[in-house]
Amino acid sequence: MYSSDDVLVVDRLKIGIGDKIVIEDANLSVSRGDIVFLLGPNGAGKSTLLRAIIGLPIYRILSGDIYFNGERITDKSMEYRVSRGLGLTYQIPPKLLGVRVVDILSNLCKRSGCNVSEISNELGIMHLLNREFGKGFSGGELKRIEMATLLAQKPRLALVDEPDSGVDIDSIEIIVKAIEHLIEVSPYRSIVIVTHTALISKYIRPTKVCIMISGSVRRCGDEDLLDEVFSHGFKNMA
Ligand SMILES: Nc1ncnc2c1ncn2[C@@H]1O[C@H](COP(=O)(O)OP(=O)(O)OP(=O)(O)O)[C@@H](O)[C@H]1O
């Protein structure tokens, strides 16, 4: 069903949070060289899908499978998946709230062999390094810090959740450069980006656009699908 070129395969995934079914029968495949944009209305389950792929424990896999680089990772821990090279915007555990940004980046760089100053310069966050993670950042500052934590993981495949939301027109160029950098460090030259806006597509052309509605991926196509969404919305795709 899937080709040997596939880097990530999500096969008929059903996800529950508590008693609620949030993802129903979701399929997604990412091949070498794929720049995948995942779009969909609010509450469709896009963030949940990314978090289930990375393996955050509250997202229970009820059925279906996830394969990364040919290996079935459905039952593997988040730590294992990250060690294999999957990366999602860093989710700060509550016990680390209050830790300085520089300490979090240093910790990630120690593992991956990156350079905190280089990454901080790239994202323009040098002046934020000594502030506490999770406290009082503007939306745009937070996005740049999140992108820095993702770059610091040097993931083989980055899953990027709404990098362009709440980001001003000047900062979007910084975010776009970081995304290009993530594609460069990916041995597959692949990435998955959840986005709501056309803003990012002005700079980065998707090779594949997928539409998620009510917990399942309804359609995938080429970048022309973006025009359809921005002209007609998601109504006709349900
Ligand atoms: N921790 C949680 N507990 C209960 N319900 C949750 C939880 N996380 C997500 N959900 C629910 O799962 C559904 C999908 O949410 P999700 O955040 O994945 O959607 P989304 O497509 O990313 O939306 P948006 O575009 O608004 O960011 C929503 O109905 C949401 O309320």
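Preceding this paragraph is the structure being described.
Small disclaimer: the values here were computed from a predicted structure and weren't measured.

A.B. asks: Please provide a residue-by-residue account of helix 7 (residues 224-232), values included.
C.D. replies: Little of helix 7 sits inside the fold, with zero of its nine residues counted as buried. Gly 233 sits one or two residues past helix 7 and shows a positive phi near 75°.

A.B. asks: Please set out the site of the ligand residue by residue, giving values where relevant.
C.D. replies: Taken together, the neighbourhood of the ligand is formed by Ile 17, Lys 20, Val 22, Gly 40, Asn 42, Gly 43, Ala 44, Gly 45, Lys 46, Ser 47, Thr 48 and Ile 58. Mapped onto the shell around the ligand, the elements with two or more residues apiece are strand 2 (20-31) and helix 1 (46-54). For the shell around the ligand, the class distribution of residues is four nonpolar, six polar and two charged.

A.B. asks: Break down the pairing of strand 3 (residues 35-39) for me, citing the residues and quoting the values.
C.D. replies: Most of strand 3 sits out of view: four of its five residues are buried. Pairing geometry for strand 3 and strand 8 (residues 191-194), over four bridges, is parallel. Within the sheet, the bridge partner assigned to Val 36 lies in strand 8 and is Val 192. Direction of pairing for strand 3 relative to strand 9 (residues 208-213): parallel, over a ladder of four bridges. Note on strand 9: the bridge partner recorded for Leu 39 is Ile 211.

A.B. asks: Before we move on, could you go through the sheet that holds strand 10 (residues 216-221) and cite the residues and values that matter?
C.D. replies: A sheet is described by the order of its strands in space; here six strands give the open sequence 6-7-8-3-9-10, paired in mixed fashion. Every other strand in the sheet has two partners, leaving strand 6 (86-88) and strand 10 as the edge strands with one partner each. Strand-to-strand twist of the sheet, defined as the mean angle between neighbouring strand axes without regard to direction, takes the value 20°.

What counts and how
Residues numbered from 1 in each chain as written. Predicted model: local features only at pLDDT ≥ 70, side-chain atom pairs only at ≥ 80, totals over all residues. Buried ≥ 20, exposed ≤ 12 C-beta atoms within 10 Å, placed from the backbone. Helix = DSSP H or I, 4+ residues; strand = E, 2+ residues; numbered from the N terminus. Near = placed C-beta within 6 Å. Nonpolar A, V, L, I, M, F, W, Y, C, P; charged D, E, K, R; others polar. Pairing = 2+ DSSP bridges. Axes fitted to C-alpha atoms, helices over the stretch in contact; angles between N-to-C directions.

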